[in-house]
Amino acid sequence: MIHNKKILTGLSHEQYEHPFDQKALESLEASRVIPLVGKWITSNFIERIFNVQYTGSNLKVTRDNYPRIYEYLDYACDILDVKSKPELYIQWGYDINAFTVGAEHPIVVLNSGMIDLCDDEESLFIIGHELGHIKSNHMLYHMMAQYMTALISLMPGMITKSITASVQYLLYYWYRMSEFTADRAGLMCCQNKDAAVRAFMKMAGVPKAHFNDLNMDTFIQQARDFKQLDEDGMNKLIKVVSIADDNHPWTVMRAAELLKWINDGDYAKFVK
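Note that the coordinates shown come from a computational prediction; the quantities given were computed from them, not determined experimentally.

Student: How would you summarise the sheet that holds strand S3 (residues 98-101) if you had to cite specific residues and measurements?
Tutor: Strand order in the open sheet made by the 4 strands is S1-S2-S4-S3, with mixed pairing throughout. The strands lining the two open edges of the sheet, one partner per strand, are strand S1 (59-61) and S3. Across the sheet, the axes of successive neighbouring strands diverge by a mean angle of 30°, strand direction being ignored. Note that S1 and strand S2 (residues 87-91) share 3 bridges and pair antiparallel. Looking at S2, one finds that Val61 is bridged to Leu88. Packed on one face of the sheet, helix H3 (residues 67-80) meets S1, S2 and strand S4 (107-111) and runs near 130° to S2. Set on the sheet, helix H5 (residues 120-135) makes contact with S3 and S4; between it and S3 the angle comes to about 20°.

This is how it looks when you write it as structure tokens:
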């Protein structure tokens, strides 16, 4: 485990939040159609389901049973100044993935494949990303977005369902924008641009047999090319329509946004 990172004491999520995240959240909260009952169900019912599910089915990581894995979380919390440390679990799955559930009592869940296939700094990037969601208080709306389809199916009447569906669209859009903020937290945690790019490449599909010859330059160019597609209005529209029902932006899009933040000089303000 590498312990050479700058500890960002006093770090506030407002300091690094992506403007798309902030703007989308303002639209979401200004819509006045977010059902209070949805918030109540999420915090009082859905969160309890998650807690029971993951504590009952997956492997809890502590300082005593898997100290090296727990050290990732411990160190990441120190770096990002996350005061309340979430519980950490592992689930079986060999894609490189991690996620967080719960708003009042967050749980970070790592796929076993992430632990096996990522090095120390790539792991810090991914875990820092999850802590970024917690630090920015994303989790309540995240869970609402994940379960909105089920809530719509329970709603009576087409008008009510139509209103709720519009909320779902706003929630999904904001969810995707919140990923850009969390990626910034991940980078500030690992403090290594190459590690962040390697993590994105592995998520995007690089075979394990080619981990030792990753060509980061071509992936970075792919991210730049993807960003330049926005210069064509139809391409930009296709992007928006293609991803409207997803709660995560494309991996290459995430890389492009993070590289822009680095190139604009904003990231350096935190780690100089």
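Student: Which residues make up helix H1 (residues 19-30), and what values go with them?
Tutor: With 12 residues, H1 should reach 16 Å at 1.5 Å per residue; the first-to-last C-alpha distance of 16 Å fits that figure. Of all the positions in H1, only Asp21, Ala24 and Leu28 are classed as buried. Buried residues in H1, looked at end-on, bunch into an arc of 75°, giving them a common side. Summarising the geometry of H1, the exposed residues directed more than 90 degrees from the buried face are Lys23, Glu26 and Ala30.

Student: Outline the nonpolar core, listing residues and values.
Tutor: Leu80, Leu110, Leu131 and Met188 are the most contacted members of the largest nonpolar core, which totals 69 residues. It is helix H7 (residues 158-190) that contributes the most residues to this core, 11 residues altogether. For Leu131, the residues in contact, after removing those within four places along its chain, are Leu73, Ala76, Cys77, Leu80, Val82 and Pro86. Phe99, Ile107, Val109 and Met143 belong to the second largest nonpolar core, which has 9 residues in total.

Student: Can you tell me about the environment of Val101, naming the residues and giving the values?
Tutor: Mapped onto the elements, Val101 comes out in strand S3. Sequence separation between Val101 and Leu140 is 39 residues, and the spatial gap between their C-alpha atoms is 8.9 Å. Aside from chain neighbours lying at most four places away, what touches Val101 is Phe50, Tyr54, Pro106, Ile107 and Met139.

Student: Go over the packing of helix H8 (residues 193-204) against helix H11 (residues 251-263), please, and point to the residues and values.
Tutor: Put simply, H8 and H11 touch, their axes get as near as 10 Å, and they point 170° apart. Here H8 is positioned roughly antiparallel relative to H11, judged by the angle of their axes. Where H8 approaches H11, its residues Lys193, Ala196, Val197, Phe200, Met203 and Ala204 are matched on the opposing element by Thr251, Arg254, Ala255, Leu258, Leu259 and Ile262. Broken down by class, the residue content of the contact of H8 with H11 amounts to 9 nonpolar, 1 polar and 2 charged.

Scoring rules and cut-offs
Residues numbered from 1 in each chain as written. Predicted model: local features only at pLDDT ≥ 70, side-chain atom pairs only at ≥ 80, totals over all residues. Heavy atoms only, no water. Pairing = 2+ DSSP bridges. Helix = DSSP H or I, 4+ residues; strand = E, 2+ residues; numbered from the N terminus. Axes fitted to C-alpha atoms, helices over the stretch in contact; angles between N-to-C directions. Contact = heavy atoms within 4.5 Å. Expected span 1.5 Å × (residues − 1). Buried < 20%, exposed > 50% of the residue type's maximum accessible area, 1.4 Å probe, protein only. Arc of directions from axis to C-beta. Core = buried A, V, L, I, M, F, W, Y, C linked by side-chain atoms within 4.5 Å. Parallel < 35°, antiparallel > 145°, perpendicular 65-115°, else oblique. Nonpolar A, V, L, I, M, F, W, Y, C, P; charged D, E, K, R; others polar.

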